[in-house]
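Per-entry structural report
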Amino acid sequence: MSNLERRYRVLLRVLPRWYRQDREEEMVGIFLAERDDDLDLEHSWPGWGETGAILGLAVRTHLAAGAALTSVPAKVVWRGEVVRALGMLGLLLGVFYAVAAIVNLAAGVGGPLSAVRVLELGPLVALPALLNGRRTLAKVAAAAPAVLSVVSLGQPEYALMWSVFQLPSLVTFVCLCLGFHREAPTPPAGRLLWWGGGAALLGVLGGFAAGVGLLAVGLITVGLRVFAFVRGDFVLGRALSLFAVLQLVPLVFLVVAGSEVFVPAAGLALLLVTAAVAPVRRQRVRA
C-alpha cells in the first residue's frame with residue numbers, strides 16, 4: 001500500500017462504518033485512478049477539494065435524511081432527525097429572543113438601536129428562509145446573533161452573562177447547520193409557522209420580563225416533553241431532552257447568582273432534569 005492510499009483511507013475514516021463497508025474500495029480506486037507516478041504515490045496528500053467533499057459527505061451520512069441514502073441504519077435516520085429537530089428548536093428560541101429584543105427597544109429598556117443590536121433580529125429572517133428552502137440564507141441569518149457573543153468578549157463584565165445565556169442558541173445553531181445539509185428535507189412550513197408564532201408571542205412576554213420569559217420557555221419545554229412521550233414521538237422527545245439540558249445552564253446561573261427568580265428557577269431546573277433523563281418512546285422507522 002502506498003503512502004497516498006494510506007492517507008486516503010485515513011481520511012475516509014470520517015465516514016460511518018456502514019458506508020465505508022460498501023464504498024471504501026470503490027472510492028479509493030477512484031481517487032488513485034491515473035495516479036501511477038511513484039513519487040506522487042509516496043509523497044502526495046489528498047487535495048483540499050477532495051478533503052472538503054469527504055467531510056461534507058461525512059455530515060450527510062452521519063446525519064442521514066433517510067430517503068437520500070440507501071441502506072441507512074435506523075439509528076442514523078433517528079440521529080439526523082433529532083439533530084434537525086434540535087436545530088429547529090434553537091431557531092424558534094432565536095425568534096423568541098429577537099421579538100423580546102424588539103419589545104425591549106420599543107419600551108426603551110434595551111438601549112438605543114445600533115447595528116450590533118440589529119443582529120439580534122436574524123432569526124426572524126432565518127425561519128421563513130429555511131421554510132422556503134433557502135438554507136444558506138437561513139444559516140447566515142441565524143448566525144447573526146452569535147456575533148453579539150463575540151462582541152461581548154471585549155466587555156468582560158458582560159462576557160460571562162452572554163456566554164451563559166447564548167449557549168443554547170449557539171449549540172442549536174450548530175445543529176441547524178449540520179442537520180439541514182443539501183440532501184435533508186425542507187421542514188413543513190404550515191406546522192412550523194404556528195410554532196414560530198407561538199415563539200413570537202412568548203418573546204413579547206420575555207421582552208417585558210426577561211426572567212419570566214426564560215422560565216416560560218423552560219415550562220413549555222417540559223410540557224412539550226410530556227406531550228412527546230404521550231404521543232410516542234421519539235424524535236421530538238429526544239430533541240427536547242437535549243434542549244432541556246441546554247436550558248439548565250442559564251437557569252443554574254440564575255440560581256447561583258441569587259436573582260429574584262431564585263425559587264422558580266430552582267424548581268424549573270429540577271423539572272428540566274426530569275425531562276432530560278425521562279425515557280422516550282421509540283416509534284418504528286418510517287419506510
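Quick note: structure is the one above.
Here is a short report on the structure shown in this document. This one's a predicted model, so the numbers in the text were calculated from it and none came from an experiment.

Scanning the protein from N- to C-terminus turns up 14 helices and 0 strands. Element order for the protein, N to C, with α for helix and β for strand: α-α-α-α-α-α-α-α-α-α-α-α-α-α. Here the protein, with 287 residues, has 46% of them falling under the buried criterion. A separation of at least 24 residues holds for 72% of the contacts in the protein among residues at least 6 apart in sequence.

Here we come to the packing of aromatic side chains. In this structure the tally under the stated criterion is 4 aromatic pairs. Ring geometry for Trp 18 against Tyr 19: centres 5.8 Å apart, planes inclined by 85°, an arrangement best described as edge-to-face. Judged by relative accessible area, Trp 18 falls into the buried class, the value being 16%. Given a relative accessible area of 9%, Tyr 19 falls into the buried group. Taking the centre distance of 5.0 Å and the plane angle of 65° together, the rings of Trp 78 and Phe 234 count as edge-to-face. Of this pair, Trp 78 sits in helix 5 (residues 74-107) while Phe 234 sits in helix 13 (residues 234-257), and the two are 156 residues apart along the sequence. Neither residue differs from the other here; Trp 78 and Phe 234 are each classed as buried. The ring of Trp 45 has Arg 7 lying over it, and the distance from NZ or CZ to the ring centre is 4.0 Å.

Below, the discussion takes up the pattern of salt bridges. Per the stated rule, a full pass over the model turns up 4 salt bridges. Between Arg 9 and Glu 5 there is a salt bridge whose closest N-O contact spans 3.0 Å. Placement of both Arg 9 and Glu 5 in helix 1 (residues 3-11) is noted, with a separation of 4 residues, approximately one turn of the helix. Note on accessibility: Arg 9 and Glu 5 belong to one class, buried.

What follows covers the packing of helix 2 (residues 17-32) against helix 4 (residues 48-62). The contact between helix 2 and helix 4 brings their axes to 14 Å, and the two run at 165°. By the angle class used here, helix 2 and helix 4 are roughly antiparallel. Judged by the twist between their axes, the crossing of helix 2 over helix 4 is right-handed. Here helix 2 contributes Trp 18, Tyr 19, Met 27 and Phe 31 to the contact with helix 4, which in turn contributes Glu 50, Ile 54, Leu 57 and Thr 61.

Attention now goes to helix 7 (residues 122-131). The element helix 7 is extensively covered by neighbouring structure, given that 7 of its 10 residues are classed as buried. Restricting attention to buried positions, one finds in helix 7 the residues Gly 122, Pro 123, Ala 126, Leu 127, Ala 129, Leu 130 and Leu 131. At the C-terminal side of helix 7, Gly 133 shows a positive phi close to 85°.

Moving on, we get to a nonpolar patch on the surface. A cluster of nonpolar side chains, contributed by Val 226, Phe 229 and Val 230, occupies part of the molecular surface with about 260 Å² of accessible area. With respect to the helices, strands and loops of the structure, Val 230 is situated in helix 12 (residues 210-231).

Let us now look at a negative patch on the surface. Negative charge collects at one region of the surface, where Glu 34, Asp 36, Asp 37, Asp 38 and Glu 42 lie side by side. Looking at the secondary structure, you find Glu 34 in the loop between helix 2 and helix 3 (38-43). Given a relative accessible area of 81%, Glu 34 falls into the exposed group.

What counts, and at which threshold
Residues numbered from 1 in each chain as written. Predicted model: local features only at pLDDT ≥ 70, side-chain atom pairs only at ≥ 80, totals over all residues. Heavy atoms only, no water. Helix = DSSP H or I, 4+ residues; strand = E, 2+ residues; numbered from the N terminus. Buried < 20%, exposed > 50% of the residue type's maximum accessible area, 1.4 Å probe, protein only. Contact = heavy atoms within 4.5 Å. Phe/Tyr/Trp six-rings, centres within 6.5 Å; stacked < 30°, edge-to-face > 60°. Lys NZ or Arg CZ within 6 Å of the ring centre and 35° of its normal. Salt bridge = Lys/Arg side-chain N within 4 Å of Asp/Glu carboxyl O. Axes fitted to C-alpha atoms, helices over the stretch in contact; angles between N-to-C directions. Parallel < 35°, antiparallel > 145°, perpendicular 65-115°, else oblique. Left-handed = near helix turned anticlockwise from the far one by under 90°. Patch = residues over 30% accessible without salt bridge, like charges linked within 9 Å, V, L, I, M, F, W, Y side chains within 5 Å. Areas by Shrake-Rupley, 256 points an atom, 1.4 Å probe, with all protein chains shown as cover. Lys, Arg positive; Asp, Glu negative; His and termini not counted. Charge placed at Lys NZ, Arg CZ, Asp CG, Glu CD.

Interpretation note: all reported values are geometric properties and have no functional meaning in isolation.
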